[in-house]
Amino acid sequence: MEEQITVRLPKTLSRSLTMAAERAGRKRADIVRAALERYLGEEEPQQHPYEKVKHLIGMADFEPMTHEEMVKRIRERAFRPD
C-alpha cells in the first residue's frame, strides 16, 4: 500500500520540479518518486565533509617544515587505510 506524504518546497525548487515534469511528460509526483529512489538507492551514501577530512584533524604539530615535508605528511595521512 502506498503512503502519501507532504513536502514543502521553496518556490524555485517547485518551479524546477514543474518544468522537469512538463519536459518529461510525467507528473510531479513521478519525478519526486524517481529522485528519492535514486537518492536512497545509492550504493555509497554521500559523506558529510567532516567524514572526508576527520583523519587530518589534529595533524598539525606546529613544527617548522618545508612545503615538501608538509605535502608528504598530508599524503601519508590522507591515503592511510582506516
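Placed above this text is the structure.
Every chain is numbered independently, its residues counted from 1 as its sequence is written. Side-chain atom pairs in this predicted model are given and counted only at pLDDT of 80 or more, local residue features only at pLDDT of at least 70, and totals for whole chains, interfaces and linings cover all residues. The basis for every side-chain value is the complete set of heavy atoms in the structure, and neither hydrogens nor water enter the calculation.

A. Highlighting the overall build of the protein chain. Put simply, DSSP marks the helices as runs of H or I at least four residues long and the strands as runs of E at least two long, and each gets a number from the N terminus on. Looking only at helices and strands, one finds four helices and zero strands in the protein chain. Beginning at the N terminus, the succession of helices and strands in the protein chain can be written as α-α-α-α. Of all 82 residues assigned to the protein chain, the portion counted as buried reaches 6%. Surface accessibility follows the Shrake-Rupley procedure with a 1.4 Å probe radius. Residue values consider only the protein chains on display as shielding. Counting every atom, the protein chain has about 8200 Å² of accessible surface; 54% of that belongs to carbon and sulfur. Remark: exposure states derive from per-residue accessible area (1.4 Å probe, protein chains only) relative to the maximum for the residue type, with buried under 20%, exposed over 50%, and partly exposed in between.

B. A look at the pattern of salt bridges. Basic side-chain nitrogens of Lys or Arg form a salt bridge, by our definition, when they fall within 4 Å of a carboxyl oxygen of Asp or Glu. In the structure shown here, the tally under the stated rule is two salt bridges. We note a salt bridge from aspartate 30 to arginine 33, for which the minimum N-O separation is 3.0 Å. In this pair, aspartate 30 and arginine 33 are both assigned in helix H2 (residues 28–40), three residues apart and thus about one turn of the helix distant. Assessed through its relative accessible area of 23%, aspartate 30 is described here as partly exposed.

C. Representation of a nonpolar patch on the surface within the structure. A patch consists of residues exposed above 30% relative accessible area that lack any salt bridge, with like charges linked at up to 9 Å and nonpolar side chains (Val, Leu, Ile, Met, Phe, Trp, Tyr) linked at up to 5 Å. On the surface, a cluster of nonpolar side chains totalling about 360 Å² of accessible area is made up of Ile5, Val7, Leu9 and Leu13. As for its position among the elements, leucine 9 is in the segment before helix H1 (11–24). Assessed through its relative accessible area of 34%, leucine 9 is described here as partly exposed.

D. A look at the packing of H1 against H2. Between N-to-C directions, angles span 0 to 180 degrees; the directions come from axes that are lines fitted to C-alpha atoms, helices contributing only their stretch in contact. At a minimum axis distance of 8 Å, the contact between H1 and H2 shows a crossing angle of 105°. For the element pair H1 / H2, the angle class is roughly perpendicular. Here H1 contributes Ser14, Leu17, Thr18, Ala20, Ala21 and Ala24 to the contact with H2, which in turn contributes Arg28, Ile31 and Val32. Under this grouping Gly is polar, as are all residues other than the nonpolar Ala, Val, Leu, Ile, Met, Phe, Trp, Tyr, Cys and Pro and the charged Asp, Glu, Lys and Arg. Residues belonging to the contact of H1 with H2 are distributed by class as follows: six nonpolar, two polar and one charged. For classification, angles of less than 35 degrees are called roughly parallel, those exceeding 145 degrees roughly antiparallel, those between 65 and 115 degrees roughly perpendicular, and all remaining angles oblique. In this description, contact between two residues means that some pair of their heavy atoms is separated by no more than 4.5 Å.

Purely spatial values, then, with no claim about function.
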